[in-house]
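Structural overview for review
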Amino acid sequence: MSTINLHTSIESLKGVGVARADLLRKELGLRTLADLMHFFPNRYIDRTQFFKINQLQHNATELQLVGKITQLKTIQQKRGSRLVATFVDETGSIEMVWFRGIKWIKESLKINTPYVAFGKVNWFNGLYNMPHPELELVTAYKKSLQTAMQPIYPSTEMLSKRGVTNRVMAKMMQNLFVEVNNRFQETLSENIINDFQFISKNEALFNVHFPKNQHLLTKAQERLKFEELFFIQLQLIRKNLIHKTKIKGFIFDIVGNNFNNFYKNYLPFELTKAQKRVIKEIRKDMITGAQMNRLLQGDVGSGKTIVALFTQLIAIDNNYQTAFIAPTGILANQHFNAISELLKGLDINVMLLTGATKTKERNIIHKALEDGSLNILIGTHALLEDKVQFKNLGLAIIDEQHRFGVAQRAKLWMKGSANEAISGAIPPHILVMTATPIPRTLAMSVYGDLDISVIDELPPGRKEIKTAHRFDSNRLSVFKFMKEEIAKGRQIYVVYPLIKESQKLDFKDLMDGYESIAREFSKPTYQISIVHGKMKNEDKDFEMNRFLKGETQIMVATTVIEVGVDIPNASVMVIESAERFGLSQLHQLRGRVGRGAEQSYCILMTDFKLTTDAKTRMETMVSTNDGFEIAEVDLKLRGPGDLMGTQQSGVLNLKIADIIKDAQILKQARNIAQQVLKNDPNLIFEEHKSIKKAYQQMSKNKAIWANIS
Ligand code: ADP
Ligand code: MG
């Protein structure tokens, strides 16, 4: 079979054929022999071990039995029928059950003939049963290759329905190895292999499918995980390098009047060390001649806004305009107010553009943008509309990135400069700020092509927010506590969930909650604000403003206040139905308090009955205020795909590595990838030949790349 190569379609493999090839492509995305070879088992079971029926445990997982079928009967049910076999060994009996393919199975089963049965055992109605077991005649079993670790491949419902069982999969793999064993070229360099004492690519592939022993399986997994992560990192880092050489950026080499004047005369506090370091990193980025593409991470309240402001002052000192985009109108307003206030003594023109901006005002903004008299434009998505054109946009800052799509980020590039609509326009520098800390490993995998700055220090004098978890039954004592705080002059947020899918019910909860609070905290002693998504923007702003000015003591709201809102006198955050919020949301909400000098509190109200995950979330919130620590727990609970949304999940579509469990390998892989590219950015060294080949092969398979910014 010399015509077969790794890129041959799987249908040419013995035992596959057109229909099955089609099924494997649709269900698992497998096209070529190489794909199949890289379709890895997700676990292994010991198939040299057999159980006796009287040893079964209620919570047993997949296992093997030896015995005979003594009886077969078809039972009619309301919805279709099921086939039940009585399976016995010398210690007892269990039922085997089939719901599909009954006719065929019934015909092929032999009564009173020894079988090896493999499957998952359930305990139901006082009896053990094994649904859809894999049965193999003992005579056939004895002839086949039995290893201590039998691979179990990931499967789908459709696959098992169409008869592609694990055994069929394993058989296919055996045929595959007969065809193409040892044909894989080495993908790593000799140096890497020696340094890490990796086994060869071929050995690794063989042992991941047919492990000779536990030791070799571990070696195989280590090597394949490293390889997978290494090539992803190589691509991300290389993308970043290419970006830096190919994509030109403005050179902001003047640190002039505005920056210095503001720093010396108007900055209301001392910058933290971390803020200073990050501003330096950004400054350095903006004089290289390449476009800046930087992600700024910092916990809630770490002071990202002031860093954004300094960055803008640099752009303005160099005679460029800046755009500052926030995800909501409330936030844009807040940034606008804060920045206008801070810049009061300087001759800098700042304007606000949101969905609520009136046409007349809009026209003024458009004009000021185009004639260059407007220095800083702050706003929401409204800023991305085509009508909004800058004279010379030099910097765009995106706050609270995770609400912002990649496509929208790309749109900013086009804003370029109105007078350079011709080709060759230089894109603005981009600074993206995240709302929530991202675990390091995740940041490396998803934003590996961006440069990352981290503010890892809070401004001095902040008191830890005290967090408590209370049940609905404690409500009266919570009310009492709220009154005590209000008596001290503090303000309180009470937040309700508002999830799209259950909007109506949520809205009712919010209103019920509002009414019960209004009853308890009655006028004229108490004033209450309410803000929710169904209100008009003007009304929201009006209510927010009343609270901001201290005219109301309680703000009842849905998560519209989630990100960024900064009201220092608010010192208590009560979160209703806290079990329905994710960890990062809870942390964001809690970050709304603790902004002033007083002791602040967060109270998580939940139902008494909680899922294990919900309990973990509450316990995590109570035990730590550290956003990075919370993000790690969140990653473990929800997995990387969920955490980042679907846009980036392509990068996380890993075949064998797991960015949580294999964090250590990921760090090593990134380091090595960095080293390799530092010395040899185009992979032209002889020693990198194998890496280059594999890299090119992978780049052709562009699946990963289409999905990243
Ligand atoms: P976030 O990083 O969550 O966006 P902000 O930029 O809103 O945080 O800052 C939170 C609060 O801390 C603001 O009131 C801001 O004025 C204040 N702040 C920022 N940096 C410092 C500092 N170095 N010293 C004291 N207060 C600071
Ligand atoms: Mg912020």
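Details of the structure are given in the entry above.
Reference entry: report on the structure contained in this document. Residue positions within a chain follow its written sequence, with the count starting from 1. As a convention, the first chain written is A and the first ligand written is 1, with the rest following in written order. For a predicted model such as this one, the threshold for reporting local features is a pLDDT of at least 70, and the threshold for listing and counting side-chain atom pairs is 80 or more; totals across whole chains, interfaces and linings nevertheless cover every residue. The basis for every side-chain value is the complete set of heavy atoms in the structure, and neither hydrogens nor water enter the calculation.

What to know about the nonpolar core
Ranked by internal contacts, the top residues of the largest apolar core, which has 40 residues, are F262, F310 and L343. Where this core is concerned, the elements lending two or more residues are α10 (257-266), α11 (273-285), α12 (304-317), α13 (329-342), β12 (350-353), β13 (376-379), β14 (393-398) and β15 (429-433). Only DSSP runs of H or I reaching four residues or more are called helices, and only runs of E reaching two or more are called strands; each is numbered from the N terminus. Sorting elements by how many residues they give to this core places α12 first, with nine residues. In contact with F262, other than residues within four places in its own chain, are N257, L267, I306, L309, F310, L313, L342, L343 and L346. Within the second largest apolar cluster, 39 residues are counted, among which are F198, L236, A443 and A694. Definition of nonpolar core: a set of buried residues of the types Ala, Val, Leu, Ile, Met, Phe, Trp, Tyr and Cys, connected through side-chain atoms within 4.5 Å. Exposure categories follow from relative accessible area, calculated using a 1.4 Å probe and restricted to protein chains: below 20% of the type maximum is buried, above 50% is exposed, and the middle band is partly exposed. Only heavy atoms matter for contacts: two residues are in contact if any of them lie within 4.5 Å across the pair.

Quick word on the sheet that holds β15
We call two strands paired when DSSP finds no fewer than two bridges between them. Read from one edge to the other, the open sheet built from seven strands follows the order β12-β13-β11-β14-β15-β10-β16, with strand pairing classed as parallel. Each end of this open sheet is capped by a strand with a single partner; those strands are β12 and β16 (451-455). Geometrically, the sheet is characterised by an average inter-axis angle of 20 degrees between neighbouring strands, direction not taken into account. Pairing of β14 with β15, which is carried by four bridges, proceeds in the parallel orientation. Note on β15: the bridge partner recorded for A396 is I430. Under this scheme, a helix contributes an axis fitted over its contacting stretch, all axes are lines through C-alpha atoms, and angles between N-to-C directions fall in the 0 to 180 degree range. Running over the sheet, α13 touches β11 (321-325), β12 and β13 and is turned about 170 degrees from β12. Against the sheet, helix α14 (residues 359-370) makes contact with β11, β12 and β13, and its axis sits at roughly 130 degrees relative to β12, the strand it touches most.

Thoughts on unusual backbone geometry
Going from K523 to P524, the amide bond is cis rather than trans, its omega being 0 degrees. With respect to the element layout, P524 can be found in the loop between α18 (503-520) and β19 (528-531). Even without glycine at this site, N112 takes up a positive phi of about 55 degrees. Assignment of secondary structure puts N112 in the loop between α3 (102-108) and β5 (114-120). Even without glycine at this site, S577 takes up a positive phi of about 45 degrees.

Side note on α18
Helix span, expected: 1.5 Å multiplied by one less than the number of residues in the helix. With 18 residues, α18 extends 26 Å from end C-alpha to end C-alpha; this agrees with the ideal 26 Å at 1.5 Å per step. Of all the positions in α18, only D506, F507, L510, G513 and I517 are classed as buried. An end-on view of α18 places all buried positions within 125 degrees of arc, on one side of the element. Residues of α18 that are exposed and point more than 90 degrees away from the buried face comprise K504, L505 and R519. The inward-facing, buried residues of α18 abut α17 (475-487), β18 (491-495), β19 and β20 (554-557). For this quantity, the arc is that covered by the directions from the helix axis to the C-beta atoms.

A short note on helix α1 (residues 17-28)
For α1, which comprises twelve residues, the first-to-last C-alpha distance of 16 Å matches the rise-based estimate of 16 Å (1.5 Å per residue) to within 8%. Every buried residue of α1 is listed here: A21, L23 and L24. Considered in projection along α1, the buried side chains sweep an arc of 160 degrees and stay on one side of the axis. Turned more than 90 degrees from where α1 packs its buried face, V18, A19 and K26 sit exposed. At the C-terminal side of α1, G29 shows a positive phi close to 70 degrees.

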